[in-house]
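For reference, the chains in residue letters:
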Amino acid sequence: MGEKILMKGAEVIAEAAIRAGCMAFFGYPITPQNEVPEYFSRRMPKLGRVFLQAGSEVAAINMVYGAACTGTRVITTSSSPGISLMQEGFSYIANSDVPCVVVNAMRGGPGLGDIAPAQADYSQAVKGGGHGDYHSIVIAPHTLQEEADLMFDAFDLADKYRIMTVVLVDGLMGQMMEPVEFKEWVDVKKFKAPDWATVGQRDRDQRNIITSLEILPEGLEKMNLRLQEKYRKIEKNEIRFEEYKMDDAEYAITAFGTVARIAKTVVGMARDEGIKLGLIRPITLWPFPTKLIEKRAKQLKFFFDSELNAGQMLEDVKLAVNGRKPVYFYGKLGGVVPSAEDIYKEFKKHMEGGR
Amino acid sequence: MEKKLIIAGFGGQGVMLAGELLAEAGKEENKYVTFLPSYGPEMRGGTANCDVIISDEPIASPIISYPEATIILNLPSLDKFEPMMKKDGLLVLNKSLIPREVKRDDLRVVGVDAQTIAKELGNEKAANMILLGVYVAIEKPVSLDSVKSAMKLFLKGKKEKFISANEKALEKGVGIAKEFLGGK
Amino acid sequence: MKTVYKKPESITNKPTTYCPGCPHGIAHRLVAELLEEMNLTRETVIVWPVGCSVFGYYFIGTDAVEAAHGRACAMATGIKRTHPESFVMTYQGDGDLASIGIAETVHAAARGEKITVVYINNGNYGMTGGQMAPTTLIGQKTTTSPYGRDPKLTGFPMHVPEMLATLEATAYIARAALDSPQHIIQAKKFLKKAFNTQVNGIGFSLVEMISSCPTNWKMTPVEAMERIRQEVLPVFPIGEFKVAEGVE
């Protein structure tokens, strides 16, 4: 760990990716994340790495796909409308078992929407998003320091499971500044093409083919079962979450990313008034901490889910709670960010209703 | 200690620079810091404000809903933030651009003809630094030295020549704050 | 015994999925011969398209990836930029390249990506049953232009090499035909220049190969080749449209 640097969230993403050994960036400009490609465009050429602005998000993700097939640590970053365009590539990447990292700085939708912070791409990210049965690992930091750390993990997880890792943030996290301390640089000199990479056969005995195509249903079922097996392994090993003041909690907020950060203030406000409120913050949105929520349902009077959408993670919380306790919801739409006071007020309505 | 400040004005008045300076100064003192900018849709000349939090503890929400302190550089910002301020909050006002008086009587108001004073100091653009100096001297989220050393980090190369004028402006602000505190 | 014929090293023993009389086999052979002659087989990654040649990696034995429909040039860009030492080639049909993938193709060309594109134009979507393509001739009947292509409704055939040749960063752009031995020999010469263009690091290279589709044209293979000469080549003339300095 080095010294602390005061940095913009968008630049933290890029700098952390570079230090984590990201060798190539392909992307297309879109607000509110343009500082990310701009930062990469300054830094990558000086390090002898690849920066390329593609003709569209469709082209960008397929460049990522190509680079991923060579086992190169590769990234693209975009925001909601751009991420929608990339879904085709995500699906192909999933069934090709190649690793890459995608950052989505979510903005208000649907359609062109606005450029304000939102979390309305939760379902798109955690349920796949493109066609077919697949998942990507989805991680959601809530502070810039966590963002700096998780970018390293995003690449490690992608390589470990040969899967796409999505880092879900929002425009607010992209714009804000906070001091961060980066992990040690990954030594990229140690990188070599993995044995499955398509870089030309050279001295290898077998040639490598990467394809998501298998025309025989029985064969494609096998490919699918292998994917599912991989997903079960990830669900077993990689669930991450933070519990904040949950030991004695009678109520819990469930929230991720920026809202989770605001929710910590809400927890403080409640505790000041003697209300035993805690926070469950999934860090991996997929795999989702289902068992944890199921376990906590026993001690809680109710769950209170808050998101910058109309209730997307809410569905996963409800599946985990499975009717054992009430799950209430408060969401803001279209890029509106609630204050801690707003959330607390909504939370208390349900408390009073419960009495 | 946790200090929360909103700085608001037009783009081009140095709103973001003042906020970033304060954040950098906080970082240099090893405190927890968040800086959250908010721009209007315009690239230039629109409204701009930022939330700065400096704390000894990890900061939860970086958003300030009800400010305990504000530096207000123009009228639209006063109209927006005055009603939201906490009781007994500190309102540092750029009187050069704000024709009306503060309506509330439960705030600590320091009105400064910042642009005129800045002009006298030789750099009209340093109005933001005078107001920042006032705020830092009254609320003490960081030391003045930390702000000055942060300034050296921000004003490099071609901009280095602005350092001394800005330092003077900061100190002027400190002087005004002392008068204000002494006068109470 | 004296060997009078040998298949190129990279042509596999797998029977192809192409219809009888389809020129894909000829194009595959030209690619494979050149890879061997230029000692590139083991340096090569081929990006295969969606279309009849979707299974091309079964027939030409190099490292290979299978792109989404139209995205081959983008995928090739990702490979070549991160591995400039590899020989990276796309093999695409006219639906894949000129319709759904035209943006990826044009931008790869405009950037001067050091990749080679083998572009097979048979004037229709062969794999999906012979629908109209951007290259379908005026008046030509297909399953989605049953009364013949009407330029008032669907415009005119798209001339990709002529378009790309206007871009400054393209280095070698040509059109060949696979209808006759002479044209096939010429096609190989063009393709060799295209390969050289990449090997020598000059820039973007593309060779369009006018091909036939006997099945969907509802012709015998010989009739289909004759149609190329009679109807297609007058619209899509053979030639080199861009030869940058240093290309040989």
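Residues numbered from 1 in each chain as written. Chains lettered and ligands numbered in written order. Predicted model: local features only at pLDDT ≥ 70, side-chain atom pairs only at ≥ 80, totals over all residues. Heavy atoms only, no water.

**Digging into the interface of chain C and chain A**
Our working definition: By definition in these notes, contact holds between two residues if any of their heavy atoms fall within 4.5 Å. By buried area we mean the combined loss of accessible area, with a 1.4 Å probe, across both parts when two parts are placed together. By salt bridge we mean one thing: a side-chain nitrogen of Lys or Arg within 4 Å of a carboxyl oxygen of Asp or Glu. Polar contact is defined as a pair of N or O atoms within 3.5 Å, subject to the rule that within protein one atom must be able to donate a hydrogen and the other to accept it, and that residues adjacent in sequence are counted only when both atoms are side-chain atoms. Strands are runs of DSSP state E lasting at least two residues, helices are runs of H or I lasting at least four, and both sets are numbered from the N terminus onward. Amino acids outside the nonpolar list (Ala, Val, Leu, Ile, Met, Phe, Trp, Tyr, Cys, Pro) and the charged list (Asp, Glu, Lys, Arg) are all regarded as polar, and Gly is one of them.
On the side of chain A, 33 residues touch chain C, which itself brings 34 residues to the contact. Across the chain C to chain A interface the summed buried area is about 2,700 Å²; carbon plus sulfur atoms make up 58%. Summed over the shared surface of chain C and chain A, the number is three salt bridges. Across the pair Arg204(A) and Asp63(C) runs a salt bridge whose closest N-O atoms are separated by 2.8 Å. Summed over the shared surface of chain C and chain A, the number is 20 residue pairs in polar contact (both at pLDDT 80 or more). Secondary-structure elements contributing two or more residues to the side of chain C that touches chain A are β1 (44–48), α2 (56–59), β2 (63–66), α3 (72–82) and α5 (102–111) of chain C. Sorting elements by how many residues they give to the side of chain C that touches chain A places α3(C) first, with seven residues. Among the residues making up the side of chain C that touches chain A, the classes are represented as 13 nonpolar, eleven polar and ten charged.

**Considerations on the packing of aromatic side chains**
Convention followed: Classification of ring pairs rests on two measures: the distance between centres of Phe, Tyr or Trp rings, Trp counted by its six-membered ring, which must be within 6.5 Å, and the angle between planes, read as stacked under 30 degrees, edge-to-face over 60 and tilted in between. Remark: a charge is flagged as sitting over a ring if the NZ atom of Lys or the CZ atom of Arg is within 6 Å of the ring centre and within 35 degrees of the ring normal.
Scanning the entire structure with this criterion turns up 17 aromatic pairs over all chains. Centroid distance Phe302(A) to Phe347(A): 5.6 Å. Interplanar angle 50°. Geometry classified as tilted. One end of the pair, Phe302(A), is in strand β14 (residues 302–307); the other, Phe347(A), is in helix α12 (residues 340–354), with 45 residues separating them in the sequence. Grouped by ring-pair contacts, the aromatic residues Tyr251(A), Phe302(A), Phe304(A), Tyr328(A), Tyr344(A) and Phe347(A) constitute a single cluster. Residue placement shows Lys14(C) over the ring face of Tyr58(C); its charged tip is 4.6 Å from the ring centre. Across the ring face of Trp217(C), the terminal group of Arg227(C) is positioned such that the distance to the ring centre comes to 4.3 Å.

**Observations regarding the interface of chain A and chain B**
Counting from both sides, the interface comprises 18 residues of chain A and, opposite them, 17 residues of chain B. Contact between chain A and chain B buries roughly 1,500 Å² in total, counting both sides, with carbon and sulfur atoms accounting for 66%. Together, Leu6(A), Met177(A) and Arg261(A) form the three largest contributors to the area buried by chain A at its contact with chain B, with a combined 34%. At the boundary of chain A with chain B, the tally comes to zero salt bridges.

**What about the layout of surface pockets?**
The line we're drawing: Cavity means a closed set of points on a 1 Å grid over the protein atoms alone, one where a 1.4 Å probe fits but cannot get out, pocket means an open set with protein on both sides within 12 Å along at least 5 of 7 lines, and lining means a residue has an atom within 4 Å of a point. Grid points are joined across faces, edges and corners, and a volume is the space filled by probe spheres set on the points. Domain ranges listed in this record stem from an automatic or a database domain assignment.
Looking at the second largest pocket, its volume works out to about 590 Å³. Considering the residues around the second largest pocket, the lining is formed by 24 residues, among which Arg261(A), Glu57(B), Pro58(B), Ile59(B) and Ala60(B) are closest to the centre. Secondary-structure elements contributing two or more residues to the lining of the second largest pocket are β8 (177–180) and α9 (257–272) of chain A together with β1 (2–10) and β2 (32–39) of chain B. For the lining of the second largest pocket, the class distribution of residues is nine nonpolar, six polar and nine charged. Each of two domains, domain 1 (5–199 + 227–236) and domain 2 (242–354) of chain A, supplies a minimum of three residues to the lining of the second largest pocket.

**Side note on the environment of Met75(C)**
Structurally, Met75(C) is set in helix α3. Sequence spacing of Met75(C) and His24(C) is 51 residues, and the spatial spacing of their C-alpha atoms is 22 Å. Aside from chain neighbours lying at most four places away, what touches Met75(C) is Asn62(A), Met63(A), Tyr65(A), Gly66(A), Cys69(A), Val47(C), Val65(C), Glu66(C) and Ala67(C).

**Looking at empty space enclosed by the protein**
Gaps left between atoms are located by rolling a probe of water-molecule size over the structure's atoms. Residues and elements named next belong to chain A. Inspection of the entire model under this criterion finds three cavities of 30 Å³ or more. Lining the largest cavity are Ile83, Gln87, Phe90, Asn104, Asp121, Gln124, Ala125, Gly128, Ser136, Met164, Val166 and Leu168. Counting only elements with at least two residues in the lining of the largest cavity, the list comes to α4 (80–96), α5 (122–126) and β7 (164–170). Here the lining of the largest cavity is built from residues that sort into six nonpolar, five polar and one charged.

**Things to note about the sheet that holds strand β9 (residues 209–210) of chain A**
Let me state the cut-off plainly: Pairing between two strands is assigned when DSSP locates at least 2 bridges connecting them.
Taken in spatial order, the eight strands make up an open sheet running β9(A)-β2(C)-β1(C)-β3(C)-β4(C)-β8(C)-β7(C)-β9(C), and their pairing is mixed. In the strand order of this sheet, the two ends are held by β9 of chain A together with β9 (239–243) of chain C, each with one partner. Relative to strand β8 (residues 204–210) of chain C, strand β7 (residues 170–177) of chain C runs parallel, the two sharing seven bridges. Looking at the pairing, Ile173(C) lines up with Leu206(C) of β8(C).

**Looking at the arrangement of the chains**
The pair of protein chains exhibiting the most contacts, out of two pairs of chains in contact, is chains A and C. With no contact formed, the shortest span from any C-alpha in chain B to any C-alpha in chain C equals 29 Å.

**Regarding the pairing of strand β4 (residues 74–78) of chain A**
All names here are of chain A. What counts here: Throughout this description, buried means an accessible area under 20% of the type-specific maximum (1.4 Å probe, protein chains only), exposed means over 50%, and partly exposed covers the range between. Here the term right-handed applies to a crossover when the path leading from its first strand over the helix to its second strand runs clockwise, the strands being oriented away from the viewer.
Judged by how many residues are buried, β4 sits mostly within the fold: five of five residues are covered. Across two bridges, the pairing between strand β2 (residues 24–27) and β4 is parallel. By the bridge assignment for β4, Ala24 is matched with Val74. In this sheet, strand β5 (residues 100–106) lies alongside β4 in parallel orientation, the contact comprising four bridges. Bridge pairing links Ile75 to Val101 in β5. Running through α4, the crossover from β4 to the neighbouring parallel element β5 is right-handed.

**What to know about the packing of helix α3 (residues 57–68) of chain A against α4(A)**
If you want to describe how two helices pack, look at the angle between their axes and the distance between the axes. Residue and element names in this part refer to chain A. The test is simple: Lines are fitted to the C-alpha atoms to define the axes, a helix being fitted only along its stretch in contact, and any angle between axes, read from their N-to-C directions, falls within 0 to 180 degrees. Each angle gets one of four labels, with under 35 degrees taken as roughly parallel, over 145 as roughly antiparallel, 65 to 115 as roughly perpendicular, and the rest as oblique. By convention the crossing between two helices is left-handed if the near helix lies anticlockwise of the far one by an angle smaller than a right angle, and right-handed if it lies clockwise.
Interaxial distance between α3 and α4 falls to 8 Å at its minimum, and their mutual angle equals 25°. Judged on the interaxial angle alone, α4 and α3 are roughly parallel. Between α3 and α4 lies a crossing whose hand is right-handed. On α4, the residues that touch Glu57, Val58, Ala60, Ile61, Asn62 and Tyr65 of α3 are Gly82, Leu85, Met86, Glu88, Gly89, Phe90, Tyr92, Ile93 and Ser96. For the contact of α3 with α4, the residue count by class is nine nonpolar, four polar and two charged.

**As for the confidence of the model for chain C**
Quick note on the threshold: One number per residue, pLDDT, summarises how confident the predictor is, and it ranges from 0 to 100.
Overall, the predicted model of chain C reaches an average pLDDT of 97, with 100% of residues at or above 70. Overall fold confidence for the complex sits at a pTM of 0.95, while the interface term, ipTM, reaches 0.94.

**Quick look at the nonpolar core**
Selection criterion: Buried Ala, Val, Leu, Ile, Met, Phe, Trp, Tyr and Cys residues that are joined via side-chain atoms within 4.5 Å together make up what is termed a nonpolar core.
Judged by nonpolar contacts, the single largest core of 148 residues is most densely connected at Ile75(A) and Met151(A). Among the elements that line this core, the one with the most residues is helix α6 (residues 144–161) of chain A, at ten residues. Counting residues domain by domain, this core receives three or more from each of domain 1 (5–199 + 227–236) and domain 2 (242–354) of chain A. Core analysis: the second largest hydrophobic core is formed by 50 residues, Leu6(A), Val112(B), Ala127(B) and Ile163(B) among them.

**Topic: the sheet that holds β4(A)**
With respect to topology, seven strands assemble into an open sheet ordered β3-β2-β4-β5-β7-β6-β13 (chain A), the strand pairing being mixed. The two strands at the open ends of the sheet, each matched to only one other strand, are β3 (50–53) and β13 (284–286) of chain A. Strand-to-strand twist in this sheet, taken as the mean axis angle between neighbours without regard to direction, amounts to 20°. Along the sheet, α3(C) makes contact with β2 and β3 of chain A, crossing β3(A) at roughly 155°.

**Digging into helix α2 (residues 35–43) of chain A**
Of all the residues in α2(A), the buried ones are Glu35(A), Val36(A), Pro37(A), Tyr39(A) and Phe40(A). On its buried face, α2(A) sits against β1 (5–8), α1 (9–19), β2, β3, β4 and α7 (171–175) of chain A.

**Regarding the pattern of salt bridges**
Under the definition given, this model contains 50 salt bridges over all chains. For Arg229(C), the salt bridge is made with Asp179(C), and the minimal N-O distance between the two is 2.8 Å. With Arg229(C) in helix α10 (residues 221–235) and Asp179(C) in the loop between β7 and α8 (181–199), the pair connects residues that are 50 residues apart, well separated along the chain. The class of Asp179(C) is buried, set by a relative accessible area of 7%. Among the ionic contacts, a cluster of salt bridges with common partners joins Glu146(A), Glu242(A), Lys264(A) and Arg281(A).

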